[in-house]
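Listed here are the chains, written in short residue letters.
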Amino acid sequence: MSLLKRTARAMLAPCVRLYDRLRRPSPMQRTPERQAEVDLATQRLVLYHFETCPFCVRVRHKIAELGLDIEMRDTLLDPHHRQALAEGGGKTQVPCLLITDEQGNQEWLYESADINRYLVSRFG
Ligand SMILES: N[C@@H](CCC(=O)N[C@@H](CS)C(=O)NCC(=O)O)C(=O)O
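So, here's what we can say about the structure.

Calculation rules
Sequence positions are assigned chain by chain, starting from 1 and proceeding in written order. With pLDDT at 70 or above as the cut-off, local features in this predicted model cover only qualifying residues; side-chain atom pairs require 80 or more to be listed or tallied, and sums for whole chains, interfaces and linings still use all residues. Just so you know, side-chain values use all the structure's heavy atoms and leave hydrogens and water out. Whether a residue is near a molecule or strand depends on its heavy atoms: it is near if one of them lies within 4 Å of it. Pairs of N or O atoms are called polar contacts if they sit within 3.5 Å, as long as, within protein, a hydrogen donor faces a hydrogen acceptor (for residues adjacent in sequence, only side-chain-to-side-chain pairs). Working definition of accessibility: Shrake-Rupley area with a 1.4 Å probe, residue cover restricted to the visible protein chains. Three residue categories are used. Nonpolar comprises Ala, Val, Leu, Ile, Met, Phe, Trp, Tyr, Cys and Pro, charged comprises Asp, Glu, Lys and Arg, and polar comprises the others, including Gly. Here a helix means four or more residues in a row that DSSP labels H or I, a strand means two or more in a row labelled E, and each is numbered from the N terminus. To estimate the expected span of a helix, subtract one from its residue number and multiply by 1.5 Å. The buried label applies to any residue whose accessible area, calculated with a 1.4 Å probe on protein chains only, is under 20% of its type's maximum; exposed applies above 50%, and partly exposed to all values in between. In this description, one arc is meant: the one made by directions from the helix axis to the C-beta atoms. Should any heavy atoms of two residues lie within 4.5 Å, those residues are counted as being in contact. We treat two strands as partners when DSSP finds at least two bridges between them. An axis is simply a line fitted to the C-alpha atoms; with a helix, the fit covers only the stretch in contact. Between two such axes, the angle follows the N-to-C directions and lies from 0 to 180 degrees.

So, on to the site of the ligand. The environment of the ligand is formed by Arg9, Phe50, Cys53, Pro54, Phe55, Arg82, Thr92, Gln93, Val94, Pro95, Glu111 and Ser112. A distance of 2.8 Å is found between a nitrogen atom of the ligand and a backbone nitrogen or oxygen belonging to Val94. In the model, an oxygen atom of the ligand is placed 2.7 Å from a nitrogen or oxygen of the Ser112 side chain. Across the complex, the protein chains shield 73% of the 510 Å² of accessible surface that the ligand would expose by itself. Its residues assigned to classes, the shell around the ligand shows six nonpolar, three polar and three charged.

This is the structure we're talking about:
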């Protein structure tokens with residue numbers, strides 16, 4: 001990453017963190033039975049992200065709003081996650097949702113708007 005990009009990211013980071021905390025939505029309510037079904041389904045999902053990425057905040061807020069328990073893999077904190085994302089999905093861009101179906105097939109879904117649309121269509 002270029003010095004300019006790194007500097008811009010470092011300057012934006014506190015704003016993104018603040019926005020993330022202040023605007024995080026409250027989770028929707030479900031019956032315990034429905035929540036248990038949703039929790040089972042979300043075990044097959046993993047979000048590749050990093051804390052100060054604004055597009056990741058957008059997806060994390062949707063996850064919070066929908067009350068989803070999705071494993072988070074931070075690609076800046078752990079280089080293994082970044083490498084797995086590059087190898088599996090083909091690029092290091094975040095956010096990326098890894099979806100594994102019941103047969104073990106994997107889909108790497110990029111683009112925050114597409115990820116949010118997918119989550120709403122399944123759990124909204
Ligand atoms: N249009 C994308 C933009 C995602 C994006 O630009 N992500 C940045 C971080 S904020 C990124 O992953 N850049 C490439 C990289 O770090 O390898 C979206 O809405 O998800």
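That shown, we press on.
Next up on the list: helix H5 (residues 112–123). For H5, which comprises 12 residues, the first-to-last C-alpha distance of 16 Å matches the rise-based estimate of 16 Å (1.5 Å per residue) to within 8%. All of the buried residues in H5 are Ser112, Ile115, Asn116, Tyr118, Leu119 and Phe123. Burial along H5 is one-sided: seen end-on, the buried residues are contained in an arc of 160 degrees. The exposed set on the far side of H5, more than 90 degrees from its buried face, consists of Arg117 and Ser121. The inward-facing, buried residues of H5 contact helix H2 (32–42), strand S1 (45–49), helix H3 (54–65), strand S3 (96–100) and strand S4 (106–110).

Turning to H3, a few remarks are in order. Its 12 residues give H3 an end-to-end C-alpha distance of 16 Å, which sits within 8% of 16 Å, the value for a rise of 1.5 Å per residue. Restricting attention to buried positions, one finds in H3 the residues Cys56, Val57, Val59, Arg60, His61, Lys62, Ile63 and Ala64. Looking at the buried residues of H3, the elements they touch are helix H1 (3–22), S1, strand S2 (71–74) and H5. The first or second residue beyond H3 is Gly67, which carries a positive phi of 65 degrees.

This paragraph deals with the sheet that holds S4. Read from one edge to the other, the open sheet built from four strands follows the order S2-S1-S3-S4, with strand pairing classed as mixed. Only two strands of the sheet have a single neighbouring strand rather than two, namely S2 and S4. Neighbour-to-neighbour, the strand axes of this sheet turn through a mean angle of 20 degrees, independent of strand direction. Pairing geometry for S1 and S2, over four bridges, is parallel. Bridge pairing in S2 places Val46 opposite Glu71.

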